[in-house]
Amino acid sequence: MQPKIMMKKKNISASKASLVLFLCQMISALDVPLDLSQPPTITQQSPKDYIVDPRENIVIQCEAKGKPPPSFSWTRNGTHFDIDKDAQVTMKPNSGTLVINIMNGGKAEAYEGVYQCTARNERGAAISNNIVIRPSRSPLWTKEKLEPNQVREGDSLVLHCRPPVGLPPPIIFWMDNAFQRLPQSERVSQGLNGDLYFSNVQPEDTREDYICYARFNHTQTIQQKQPISVKVFSMDSLNDTIAANLSDTDIYGARPVTERQPVLLTPTGSTSTKVELRGNVLLLECIAAGLPTPVIRWIKEGGELPANRTFFENFKKTLKIIDVSEADSGNYKCIARNTLGSAHHVISVTVKAAPYWITAPRNLVLSPGEDGTLICRANGNPKPSISWLANGVPIAIAPEDPSRKVDGDTIIFSHVQERSSAVYQCNASNEYGYLLANAFVNVLAEPPRILTPANKLYQVIADSPALLDCAYFGSPKPEIEWFKGVKGSILRGSEYIFHDNGTLEIPVAQKDSTGAYTCVARNKLGKIQNEVQLEIKDPTVIIKQPEYKVIQRYGQVSFECIIKHDSTLLPTVIWLKDNDELPDDERFLVGKDNLTIMNVTDKDDGTYTCIVNTTLDSVSASAVLTVVARPNPPFDLELTGQLERSVELSWIPGDENNSPITNFVIEYEDGLHEPGVWHYQTEVPGTQTTVQLKLSPYVNYSFRVIAVNEIGRSQPSEPSEQYLTKSANPDENPSNVQGIGSEPDNLVITWESLKGFQSNGPGLQYKVSWRQKDVDDEWTSVIVANVSKYIVSGTPTFVPYEIKVQALNDLGYAPEPSEVIGHSGEDLPMVAPGNVQVHVINSTLAKVHWDPVPLKTVRGHLQGYKVYYWKVQSLSRRSRRHVEKKILTFRGNKTFGMLPGLEPYSTYKLNVRVANGKGEGPASPDKVFRTPEGVPSSPSFLKITNPTLDSLTLEWGSPTHPNGVLTSYVLKFQPINNTHELGPLVEIRIPANESSLILKNLNYSTRYKFYFNAQTSVGSGNQITEEAVTIMDEGKEDWKKEIVNGSRSFFVLKGLTPGTAYKVRVGAEGLSGFRSSEDVFETGPAMASRQVDIATQGWFIGLMCAVALLILILLIVCFIRRNKGGKYPVKEKEDAHADPEIQPMKEDDGTFGEYSDAEDHKPLKKGSRTPSDRTVKKEDSDDSLVDYGEGVNGQFNEDGSFIGQYSGKKEKEPAEGNESSEAPSPVNAMNSFV
């Protein structure tokens, strides 16, 4: 389904509103202001043909304007109507409208006639149209005796209505006694004259209450004709009664119902004529009799029926053409056709025309001495005649005016004077009607005046036309000029349009069009100007339109309508559904910029429109909501064409719920064998509603249909009627017949039983037959009940049998079954394979050979040979493990196999056995073989401990699998520099009985990589690798010291060498003396390829955290001690316990020295590899706080000196090291103070 999204936009100021404004301004520019002298103008009058309700007062309108205000008079039927002499007639004050009082005794019929109103003042007289007053009439039906209509079935019939003549003509319709409209169709329909036409009658047309009604809308009355009775005689009833009731010559003789070709009931004959007036509706009608009912078709000879104006009504019996013109004249043919033939009628249509205006005369305002013309041009068919009147009097007998000259349809005025003012009437008439127009000539001398209010504000949407009004009046007619701003230049050019009524049009207004505009009107009598303001607004735009949605039933959907608008305009948003208001339902939630529909139902399907209105423009956008759901279930299932083995099923699809049905699934129920269980039968495409189904005998079928679309499956339809098929012989035999013995002396015959509907009849049984293969035996047969197994006993061991199983029921046997081969039961093999030989290929693989056993000794289906093997002893180890036997199976009649995965340097045993379906035979004698030596596995571990300045201690474990006699170990090592480049490789051979080695004469603070493996006489095994670092030479390297402010919790070490091991020591000094903690770390290698951000390195973060934690703990302890003690002189104690490697505190402020941030921080490189045990030896500090034991009481003095008592040393505890890149463990630091 394709998405449907619509958007509309309209600009009020630029379209309808502007057009109306422009037209109004053009009209107002011709109007003379009411404060100036002017002849009368008729402003309102009753219609020419005025039909009145005889029960109500008659109001004949005549309103006019002029200065001085006009007076009014009336004529009736061409003579003066003196209203003062008729008490029932009054004239409204300051008006010419007549009110004839009918409700107080007057009779409408007495006032029938032709009325004309005259409005007169000193400058002329205007007259109204001739107003024909006629009271409406709704007469009763004339009494008539209606005979019953007795009609033979198939004949045509016309029931005449003949309504009374009313004014206006009544509306005709046919109903019954219950006031229900009689149904109409192609066979029965009402004609334009009100008669009821039957193309052919049927027995159901018999009734006694065919009633014609006439409704007179003007008087709101309905008249009823007497009921008409129709009795239709069918041929069956006529055959029984015709001889007794009718003569042979009666027109209702007992003729059989025969089909008849069409005959036109109306219009009669082959041709007719029709005259219609221009602009009216043309109605042409053709109604035909015939059996079968004829079908009507319309054509226009020599042309086409007018498009967009042609309609067919009354089942195409009526041709309707609206707004006809002279071009619609011509011959129209109706053709009535059925299977037996056709009839036609030609209607010649002539379109005449009452007079219509080409140029109606318009009011003329002239100044003294000017010239002018009045033009009156009309057309019609026949062409109308033009006559002129002056002040209501034919111009030929009107007072002479030297400035006036009549020239056919034009009056020419030259050098007019004030006395030339008058009202002229133009009358255009022909036989079909007339036109009357008043136009005055008003001679005035007036300076310009501007009628548009000063400083009027116009607001227009950008890129739309702007129309600035300058309504004016003056005589002579003023000239109009426009300026932008007060001192701007006159506006000219193609970007402006100047209208005759003074309006300035800016076709495409832009933002820079905003501002003040000045209109100047001038004639020879004066000049005047007026200023208006123009503001340009941003258009309203829907920037997020609602989009096409497909939603499942009971879901939730939301349409967006996000808008952008001018900030000075206040938009209102309205949502419509199918161009109507939203349903009054709480499920519809209208938000600021969206519409949400909760719990969507089928009735929510439709088009949703968002309309945004401001005072200047309006935009809209629409989107379609399609609600989809699983289809409704099919219905009206019907079985037809029932045969023994097939039936046709048909159905009517349910509603697809806006998602096309893709297929139908047909299921069946077997009420005889499996009631309540539905089975899949077949499926058909969604366009198919019938299917031929294959059936089985002896099944009581019911069917149901399920419709499927993209949403899912419908509920199943109601079941069809049941259909029981007849019984028959079985069509098929059991499947999967097998013969397999369960014991050495039996044969078990099994099969898959037929299902219920496969039995094809009652009494399903099976005939089981068998005989030994390749032996000239007769078949042995038994008939068993509806089971699936039969056991034959007393058979030889494992011999082949021919087997067959045949189905039968009460009606007979199934077709002859096919034979299958089975075997009686198996027994264990009798002998073991002989001549078992083993060939050792390498230390882990051996090949075993054997001689096959005779097939007769297998006594069953040969499954293959099984090799059992197990390790007896490992020659390289004394310990014996639990013996685990392994089995390899070689399928079929193989005589050799490979034994993989053996352990080198081991003793194995094996034997071979033959296997069948029953089991394994006896084992062959055990065969012993040995595997040669192999290379050993890698040493079980390698640890590097006790790093010193120039030595490392290596410890290792022997290989888990020596795979032979170890001859030695091979150690290779090489140094790694700061850029991870490897140095020269050194190799050392170590006796096999060694498990450790001390490497000496190594470089201090250097990383080494070690490669270690074991060897046998066969070769070297896999090696393991480790790395380790020798420690830094403290004797050669001086301690570098930095004094840190006591308030700081971290310190950045700069200028370190990449790939070098360092010790770091943090100390604090107080009353209890100097205490410190230290750790060892290694800087990362220098990386030539890229710089590493130190702030993101894990080792740096860990180091900083550890240092911070240590300093924080020291400060906490110091402050606790200070709070507990007083001020003591401690200079001697400080001197006695001073560490020569620690720089004293500054004397000027008593604080720790701070480091400077002046230098750029050079990032430390990431640490290199660590030793295999991931440990680095941590050196103990001589000044560790732990040396002084627990219970330290100390604090900082006010001058920053540390106050406290030293306690005696306690024995040091070894501290575990961390990874080289990490700071000392916070837990260990805490333990130093506990």
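To keep things clear, this report deals only with the structure shown in the data block.

Conventions adopted
Residues numbered from 1 in each chain as written. Predicted model: local features only at pLDDT ≥ 70, side-chain atom pairs only at ≥ 80, totals over all residues. Heavy atoms only, no water. Helix = DSSP H or I, 4+ residues; strand = E, 2+ residues; numbered from the N terminus. Contact = heavy atoms within 4.5 Å. Areas by Shrake-Rupley, 256 points an atom, 1.4 Å probe, with all protein chains shown as cover. Phe/Tyr/Trp six-rings, centres within 6.5 Å; stacked < 30°, edge-to-face > 60°. Buried < 20%, exposed > 50% of the residue type's maximum accessible area, 1.4 Å probe, protein only. Lys NZ or Arg CZ within 6 Å of the ring centre and 35° of its normal. Salt bridge = Lys/Arg side-chain N within 4 Å of Asp/Glu carboxyl O. Disulfide = S-S within 2.5 Å. Pairing = 2+ DSSP bridges. Core = buried A, V, L, I, M, F, W, Y, C linked by side-chain atoms within 4.5 Å. Axes fitted to C-alpha atoms, helices over the stretch in contact; angles between N-to-C directions.

### Quick look at the overall build of the protein
Move 1: In terms of helices and strands, the protein carries five helices and 90 strands.
Move 2: Taking all contacts inside the protein whose residues are at least 6 apart in sequence as the whole, residues at least 24 apart take part in 67%.
Move 3: Entry remark: accessible area of the protein is about 64,200 Å², with carbon and sulfur atoms responsible for 50%.

### Concerning the packing of aromatic side chains
Move 1: Scanning the entire structure with this criterion turns up 21 aromatic pairs.
Move 2: Ring geometry for Trp751 versus Tyr766: centroids 5.6 Å apart, planes at 55°, classification tilted. Of the two residues, Trp751 is situated in strand β66 (residues 746-752) and Tyr766 in strand β67 (residues 765-772); the sequence distance between them amounts to 15 residues.
Move 3: Trp751 gets classed as buried once you look at its relative accessible area, which sits at 5%.
Move 4: Among the aromatic side chains, those forming a connected cluster through ring pairs are Phe173, Phe179 and Tyr213.
Move 5: When the ring centre of Phe312 is taken as origin, the NZ or CZ atom of Lys316, which lies over that ring, is 5.9 Å away.
Move 6: Its guanidinium or amino end placed over the ring of Phe896, Lys894 lies 5.9 Å from that ring's centre, counting from NZ or CZ.

### Overview of the pattern of salt bridges
Move 1: Counted according to the given criterion, the structure contains 35 salt bridges.
Move 2: Residues Glu418 and Arg123 are paired through a salt bridge, measuring 3.1 Å at the closest nitrogen-oxygen approach. On the criterion of sequence distance, the pair formed by Glu418 in the loop between β36 (410-413) and β37 (422-430) and Arg123 in the loop between β10 (113-121) and β11 (124-127) is long-range, its members being 295 residues apart.
Move 3: When its relative accessible area of 54% is taken as the criterion, Glu418 is described as exposed.

### Some words on the environment of Arg76
Move 1: Secondary-structure assignment places Arg76 in strand β6 (residues 71-76).
Move 2: In this structure, the C-alpha to C-alpha distance between Arg76 and Ile131, residues 55 residues apart in sequence, is 9.4 Å.
Move 3: Dropping the residues within four chain positions of it, Arg76 is found in contact with Phe81, Ala110, Tyr111, Glu112, Val114 and Tyr115.

### Quick look at the state of the cysteines
Linking two cysteines covalently via their sulfur atoms produces the bond known as a disulfide.
Move 1: With the rule as written, the count across this model stands at six disulfides.
Move 2: The residue that forms a disulfide with Cys286 is Cys334, at a sulfur-sulfur distance of 1.8 Å. Linking Cys286 and Cys334, the disulfide has an S-S dihedral of approximately -65° and is accordingly described as left-handed. Here Cys286 is found in the loop between β23 (282-285) and β24 (287-291), whereas its partner Cys334 is found in strand β28 (residues 330-338), with 48 residues between them in sequence. A single burial state applies to Cys286 and to Cys334, both of which are buried.
Move 3: A sulfur-sulfur distance of 1.9 Å marks the disulfide that ties Cys561 to Cys610. What sets the handedness of the Cys561 and Cys610 disulfide is the S-S torsion sign, and at about -65° it is left-handed. Here Cys610 lies in strand β56 (residues 606-613) and Cys561 lies in the loop between β50 (557-560) and β51 (562-564), a separation of 49 residues in the sequence. The exposure classification of Cys561 matches that of Cys610, with both residues buried.
Move 4: Each disulfide in the protein links cysteines that, numbered along the sequence, combine into the pattern 1-2, 3-4, 5-6, 7-8, 9-10, 11-12.

### Details of the pairing of strand β75 (residues 862-874)
Move 1: Across eleven bridges, β75 lies against strand β78 (residues 906-916) in antiparallel orientation. Pairing of Gly864 across the sheet is with Ala915, part of β78.
Move 2: In this structure, β75 lies alongside strand β76 (residues 886-891), joined through six bridges in antiparallel fashion. Across the sheet, Lys866 pairs through a bridge with Thr889, a residue of β76.

### What to know about the nonpolar core
Move 1: Counting residues in each nonpolar core, the largest one holds 29 residues, and the members touching the most others are Ile58, Ile60, Trp74, Ile100, Tyr115 and Ile133.
Move 2: Of all the elements in the fold, those that place two or more residues in this core are β3 (49-52), β4 (58-60), β5 (62-67), β6, β9 (98-100), β10 and β12 (131-135).
Move 3: When residues in this core are grouped by element, the largest group, three residues, is from β10.
Move 4: Aside from chain neighbours lying at most four places away, what touches Tyr115 is Ile60, Trp74, Thr75, Arg76, Phe81, Ile100, Asn129, Asn130, Ile131 and Ile133.

### Some points on the sheet that holds β23
To summarise the sheet geometry, strands pair through backbone hydrogen bonds and adopt either a parallel or an antiparallel arrangement.
Move 1: Strands sit in the order β23-β27-β26 across an open sheet of three strands; the sheet is antiparallel. Each edge of the sheet is formed by a strand with only one pairing partner; in this case those strands are β23 and β26 (310-313). Here the average twist between neighbouring strands, direction ignored, is 20°.
Move 2: Examined bridge by bridge, β23 and strand β27 (residues 318-321) share four bridges and lie antiparallel to one another. If you follow Leu282 over to β27, its bridge partner there is Ile321.

### Quick look at the sheet that holds strand β86 (residues 1024-1029)
Move 1: Strand order in the open sheet formed by four strands is β83-β82-β85-β86, and the pairing between neighbours is antiparallel. Edge positions in the sheet fall to β83 (986-991) and β86, since each of these pairs with one other strand and no more. Along the sheet, successive strands turn relative to each other by an average axial angle of 25°, direction set aside.
Move 2: Pairing of strand β82 (residues 966-976) with strand β85 (residues 1007-1016), which is carried by ten bridges, proceeds in the antiparallel orientation. Each bridged residue has a counterpart across the sheet, and for Lys972 the counterpart in β85 is Tyr1011.

### Considerations on the pairing of β10
Move 1: Counting buried positions over the nine residues of β10 gives seven, a clear majority of the element.
Move 2: Where β10 meets β12, three bridges bridge the pair, whose relative direction is antiparallel. Bridge assignment links Gly113 to a residue of β12, and that residue is Ile133.
Move 3: Direction of pairing for β10 relative to β11: antiparallel, over a ladder of four bridges. Each bridged residue has a counterpart across the sheet, and for Ala119 the counterpart in β11 is Ala126.
Move 4: Hairpin connection of β10 to β11: two residues between the antiparallel strands.

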